[in-house]
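# Working through the structure, step by step
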Amino acid sequence: AGRPFSGFLDEITEFVKIKCRENSVNLEKKYAQNLPEVNMDKYLLEQAFVNFAFNAAEAMTEGGTLTLQAEVDRNGKAITVKFIDTGTGISDKDKDKLFNPFYTTKEAGIGLGLFTSLQIINAHRGRVGIKNNPDKGVTVTVNLPVAGKKAG
């Protein structure tokens, strides 16, 4: 502990940069450098966040922009992290099954990525939401409680 969450996000973006470059995806960081700490298992949370980012990059088959946004909520009790892509979006038939184990829309996937990521976020007492953007693409929203605060 003792490490601001923004430092963790910087590491994630470093890790995801190469994948984005391979897929002709621009990576935009939109978060403050003074985000408070989150009680986390760094390696597990890294796995979940990198998975969300990789999924987003892979959804942009024609290239696009992945925005990593993060902010503290109004009462200072949680951090909201958003992975916003400009990809193809999620079809209605896939939407309900996204977090099912072994469900995949990818040729080479085994369908445990989102399922595992959801388990990891749940273990951190967080929440995950996925929705299509009004124009194009998808936003994955992760809420995590700030260290030392009880989520309200």
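First things first, this report covers the structure right here in the doc. Keep in mind it's a predicted model, so treat the numbers as computed, not measured.

### Remarks on the overall build of the protein
Looking only at helices and strands, the protein features four helices and five strands. Along the chain direction, N to C, the helices and strands of the protein fall in the order α-β-α-β-β-α-α-β-β. Sorting the 152 residues of the protein into buried and exposed places 41% on the buried side. Excluding contacts between residues fewer than 6 apart, the proportion of contacts in the protein whose partners are at least 24 apart in sequence is 69%. Surface accessibility of the protein: about 8,600 Å² in total, with carbon and sulfur atoms responsible for 51%.

### Let's talk about the pattern of salt bridges
On inspection of all chains with the given rule, the structure shows six salt bridges. Among the ionic pairs, aspartate 10 bridges to lysine 29, the shortest N-O distance being 3.4 Å. Here aspartate 10, found in helix α1 (residues 5-22), pairs with lysine 29, found in strand β1 (residues 25-31); they are 19 residues apart in sequence, far enough to count as distant. Overlapping salt bridges bring together Glu11, Lys42 and Glu46 as one network.

### Concerning the pairing of strand β5 (residues 138-145)
Of all the eight residues making up β5, eight are buried; the element is thus mostly covered by neighbouring parts of the structure. With burial as the criterion, each face of β5 is covered, one bearing Val138, Val140, Val142 and Leu144 and the other bearing Thr139, Thr141, Asn143 and Pro145. Note: strand β3 (residues 78-85) against β5, seven bridges, orientation antiparallel. Along β5, the bridge assignment pairs alanine 78 with proline 145.

### Here's the deal with the packing of aromatic side chains
One pass over the full model with this rule turns up five aromatic pairs. Here a set of aromatic residues connected by ring pairs shows up, and it is made of Phe5, Phe8, Phe49, Phe52 and Phe83. The ring of phenylalanine 54 has lysine 19 lying over it, and the distance from NZ or CZ to the ring centre is 5.1 Å.

### Digging into helix α4 (residues 113-123)
Burial in α4 covers these residues: Leu114, Ser117, Leu118, Ile120 and Ile121. For α4, the buried positions fall inside an angular range of 160° around the axis, keeping them on one side. Along its buried surface, α4 packs onto α2 (42-59), β4 (127-132) and β5. The first or second residue beyond α4 is arginine 125, which carries a positive phi of 55°.

### Let's talk about the sheet that holds β1
The strand order β1-β2-β3-β5-β4 describes an open sheet built from five strands, whose pairing is mixed. The open sheet terminates on both sides in strands that have one partner only, identified here as β1 and β4. If you compare each strand with its neighbour and ignore which way they point, the axes differ by 15° on average. By the bridge criterion, seven bridges tie strand β2 (residues 64-72) to β3 in an arrangement that is antiparallel. By the bridge assignment for β3, leucine 68 is matched with phenylalanine 83. Taken strand by strand, α1 contacts β1, β2, β3 and β5, and its axis lies near 170° from that of β1. With respect to the sheet, α4 is in contact with β4 and β5, its orientation differing from that of β4 by roughly 140°.

Conventions and cut-offs
Residues numbered from 1 in each chain as written. Predicted model: local features only at pLDDT ≥ 70, side-chain atom pairs only at ≥ 80, totals over all residues. Heavy atoms only, no water. Helix = DSSP H or I, 4+ residues; strand = E, 2+ residues; numbered from the N terminus. Buried < 20%, exposed > 50% of the residue type's maximum accessible area, 1.4 Å probe, protein only. Contact = heavy atoms within 4.5 Å. Areas by Shrake-Rupley, 256 points an atom, 1.4 Å probe, with all protein chains shown as cover. Salt bridge = Lys/Arg side-chain N within 4 Å of Asp/Glu carboxyl O. Pairing = 2+ DSSP bridges. Phe/Tyr/Trp six-rings, centres within 6.5 Å; stacked < 30°, edge-to-face > 60°. Lys NZ or Arg CZ within 6 Å of the ring centre and 35° of its normal. Arc of directions from axis to C-beta. Axes fitted to C-alpha atoms, helices over the stretch in contact; angles between N-to-C directions.

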